[in-house]
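Chain by chain, the residues:
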Amino acid sequence: MDNQIIIIGGGASALMLASLLPKQTVTIIESNAKLGAKILVSGGGKCNITNTEMGTEYYLGDADFVAPSLKAFSEKSLLKWLERQGLNPELRKETQYFCRDSAKELLDIFIKEAKKQKIVLNEEVLSVSKRDDIFYVKTSKKTYTSSAMVVASGGLSFPKLGASSIGYEIAEYFGHNIVKTAPALVGFTVQKEQFFFKALSGVSTDVSIKVAEQECKGALLFAHKGMSGPAVLDASLYWEKGRIEIDFLPDFSWKGVQGSKKQISSLLPMPKRVTKAFLIELELEDKPYNTLTKSELEKLHTLSHYSFAPAGTFGYSKAEVTKGGVDTSEVDNITMMSKEEKGLYLLGEVLDVTGRLGGYNFQWAFASAYSCAKHIKGKNHGK
Ligand SMILES: Cc1cc2nc3c(=O)[nH]c(=O)nc-3n(C[C@H](O)[C@H](O)[C@H](O)COP(=O)(O)OP(=O)(O)OC[C@H]3O[C@@H](n4cnc5c(N)ncnc54)[C@H](O)[C@@H]3O)c2cc1C
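Residues numbered from 1 in each chain as written. Predicted model: local features only at pLDDT ≥ 70, side-chain atom pairs only at ≥ 80, totals over all residues. Heavy atoms only, no water.

A. Quick look at helix H1 (residues 12-20). In terms of burial, H1 is a largely internal element, nine of the nine residues being buried. Looking only at H1, the buried set comprises Ala12, Ser13, Ala14, Leu15, Met16, Leu17, Ala18, Ser19 and Leu20. (Buried < 20%, exposed > 50% of the residue type's maximum accessible area, 1.4 Å probe, protein only. Helix = DSSP H or I, 4+ residues; strand = E, 2+ residues; numbered from the N terminus.)

See below:
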């Protein structure tokens, strides 16, 4: 046997698991030439590690599945663990923890910790099978054997950073169901009626987006392909085709400006370029607010509930995460072990658990790894 436990993938959840387990207990197999490629590019290069506002409500997925891991390894436990490793993340945007200078600070900690394990780089896992309680892991170079196997291969987002469908294929091979996957935390493309957004590319404005009974607040960034920005990325988590409703004036009261003599473009608290583009679109003149007729007012007020159906998303190449994944009703919520196959564990993004923007996806990757490590240590798989 090569090692007692093989971890497929060398990303966030794999590195946390390898760090938490005793030395020489696991073999990490990673297709990239380096570990943790997504950590390095995350959070604009500073990695948004976690968030002070934590709870199952920030996740798309079964709350009963997510809760035990978030409780066992909360954001506070994660921060304490990082502090013990010498990392003291910085609180930014009120609730989000980032590395102070670069995501490399976090990755360096993991690489140092992971050195106590066996690391195999530049080998792509192609398939897995099991005979007589032994897992056979076939890679692009050879076949490895183990008594336990952890699928930590992430989702389909950012194929250029190593993403592949192997996790879903392995899960299906062992009898798991895959909840339909889709790109998430991603921008929306627009239909003809909203093509005027493209001309506003680069302009950002605060909005509130209603989608599938959720409300996503924050900045909307107009883009060449449609729209992006934090509020849009969060909205993409809940969007399943169909209409969304955007309030372009989230903290504004029409009542408060009744009778105002100001020009519309001076009155509305949004970038003038955006106001002007909407005025053209709504076939309204930029004139004093108090001169608008009833029907003109009605048209203008649609800015508070602008409803339309996006054409689609920017796709996996631009999506920060993949929603959907391995059905969590078939995985134990305390240990992360498959209920279908003994000795098979699934962690992080490959599972049908997806967090909002703000550090929730790393928190999930780390918390699910913690649950798995606790169980494995108890079982002494590694000895
Ligand atoms: C641009 C970007 C920015 C992000 N920013 C943030 C952020 O700031 N905060 C946050 O919480 N989340 C962020 N995320 C999401 C976060 O990176 C992921 O949710 C998280 O990394 C998932 O961890 P994981 O261990 O499940 O998978 P990953 O970290 O994706 O690791 C999976 C690993 O498996 C490897 N692999 C895949 N297939 C194979 C195979 N066949 N053989 C061998 N190895 C394989 C991959 O190369 C990869 O290294 C961001 C994602 C992207 C793309």
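Here the narrative resumes, following the displayed structure.
B. Up close: the environment of Ile5. Turning to its location among the elements, Ile5 is positioned in strand S1 (residues 5-8). Overall, the relative accessible area of 0% leaves Ile5 in the buried class. Sequence separation between Ile5 and Ile29 is 24 residues, and the spatial gap between their C-alpha atoms is 11 Å.

C. Just the sheet that holds strand S15 (residues 214-223), in detail. Across the sheet, which stays open at both edges, the seven strands sit in the order S18-S17-S14-S15-S16-S13-S19 with antiparallel pairing between neighbours. Of all the strands in the sheet, just strand S18 (306-308) and strand S19 (312-313) have a single pairing partner and so form its edges. (Pairing = 2+ DSSP bridges.)

D. The arrangement of the pattern of salt bridges in detail. All told, the structure shown has eight salt bridges when counted by the stated rule. Notably, a salt bridge pairs Glu245 with Lys210, separated by 4.0 Å at the nearest N-O pair. In this pair, Glu245 is assigned in strand S17 (residues 244-247) and Lys210 in strand S14 (residues 204-211), connecting sequence segments 35 residues apart. Note on Glu245: relative accessible area 28%, which makes it partly exposed. On the basis of relative accessible area, Lys210 is assigned to the partly exposed category, the value being 48%. (Salt bridge = Lys/Arg side-chain N within 4 Å of Asp/Glu carboxyl O.)

E. The arrangement of the nonpolar core in detail. Membership of the largest hydrophobic core comes to 74 residues, with the highest contact counts inside it found for Leu106, Met149, Leu351 and Phe366. No other element matches the ten residues that helix H11 (residues 360-379) contributes to this core. Counting residues in each nonpolar core, the second largest holds 46 residues, with Phe188, Leu233, Ala235 and Val321 among its members. (Core = buried A, V, L, I, M, F, W, Y, C linked by side-chain atoms within 4.5 Å.)

F. Region of interest: the packing of H1 against H11. Following both chains from N to C, one finds H1 and H11 inclined at 35°, their axes separated by 8 Å at the closest point. The interaxial crossing formed by H1 with H11 has right-handed handedness. Judged by residue contacts, Ala12, Ser13, Met16, Leu17 and Leu20 of H1 engage Phe362, Ala365, Phe366, Ala369, Tyr370, Cys372, Ala373 and Lys377 from H11. The residue makeup of the contact of H1 with H11, split by class, is eleven nonpolar, one polar and one charged. (Axes fitted to C-alpha atoms, helices over the stretch in contact; angles between N-to-C directions. Left-handed = near helix turned anticlockwise from the far one by under 90°. Contact = heavy atoms within 4.5 Å. Nonpolar A, V, L, I, M, F, W, Y, C, P; charged D, E, K, R; others polar.)

G. Molecular detail of the site of the ligand. For the ligand, the set of nearby residues contains 34 residues, the closest of which are Ser13, Glu30, Ser164, Glu349 and Phe362. In this structure, an oxygen atom belonging to the ligand sits 2.7 Å away from a side-chain N or O atom of Glu349. In isolation the ligand exposes 1,000 Å². Once the protein is present, 95% of that is buried. For the shell around the ligand, the element with the highest residue contribution is H11, accounting for four residues. A class-by-class count of the residues in the shell around the ligand yields twelve nonpolar, 16 polar and six charged. (Near = heavy atom within 4 Å. Polar contact = N/O pair within 3.5 Å; in protein donor to acceptor, adjacent residues only side chain to side chain. Areas by Shrake-Rupley, 256 points an atom, 1.4 Å probe, with all protein chains shown as cover.)

H. Representation of the side chain of Ser371 in the model. Inspection of the secondary structure assignment puts Ser371 in helix H11. We classify Ser371 as buried; its relative accessible area is 5%. When near neighbours in sequence (up to four residues on either side) are disregarded, Ser371 contacts Ser69, Ile334, Thr335 and Met336.

I. Molecular detail of the side chain of Ser153. In this structure, Ser153 sits in the loop between strand S11 (148-151) and helix H6 (166-173). Polar side-chain contacts of Ser153 include one of 3.4 Å to the backbone nitrogen of Gly167. In this structure Ser153 touches Ile8, Gly9, Ile166 and Gly167, once residues within four positions along its chain are discounted.

J. Inspection of the packing of aromatic side chains at higher detail. With the rule as written, the count across this model stands at 23 aromatic pairs. Taking the centre distance of 5.0 Å and the plane angle of 80° together, the rings of Phe196 and Phe197 count as edge-to-face. Here the aromatic rings of Phe278 and Tyr306 are separated by 5.2 Å at their centres, their planes lie at 85°, and the arrangement is edge-to-face. One end of the pair, Phe278, is in helix H9 (residues 272-281); the other, Tyr306, is in strand S18, with 28 residues separating them in the sequence. Judged on exposure class, the residue Phe278 and its partner Tyr306 are both buried. Taken together through their ring pairs, the aromatic side chains of Phe196, Phe197, Phe222, Phe248, Phe278, Tyr306 and Phe308 make up a single cluster. The aromatic ring of Phe195 is capped on one face by Lys198, whose charged end is 4.3 Å from the ring centroid. Over the face of the ring belonging to Phe314 we find Lys225, whose NZ or CZ atom lies 5.4 Å from the ring centre. (Phe/Tyr/Trp six-rings, centres within 6.5 Å; stacked < 30°, edge-to-face > 60°. Lys NZ or Arg CZ within 6 Å of the ring centre and 35° of its normal.)

K. Region of interest: the pairing of strand S2 (residues 26-29). Neither face of S2 is open: one carries Val26 and Ile28, the other Thr27 and Ile29, and all of them are buried. Judged from the four bridges that link them, S1 and S2 form a sheet pairing that is parallel. From the neighbouring strand, Ile7 faces S2, where its bridge partner is Ile28. Chirality of the crossover, the property in question, places the unit of S1, H1 and S2 among those that are right-handed. In this sheet, strand S7 (residues 118-120) lies alongside S2 in parallel orientation, the contact comprising three bridges. Across the sheet, residue Thr27 finds its bridge partner in S7, namely Lys118. (Right-handed = clockwise from strand over helix to strand, strands pointing away.)

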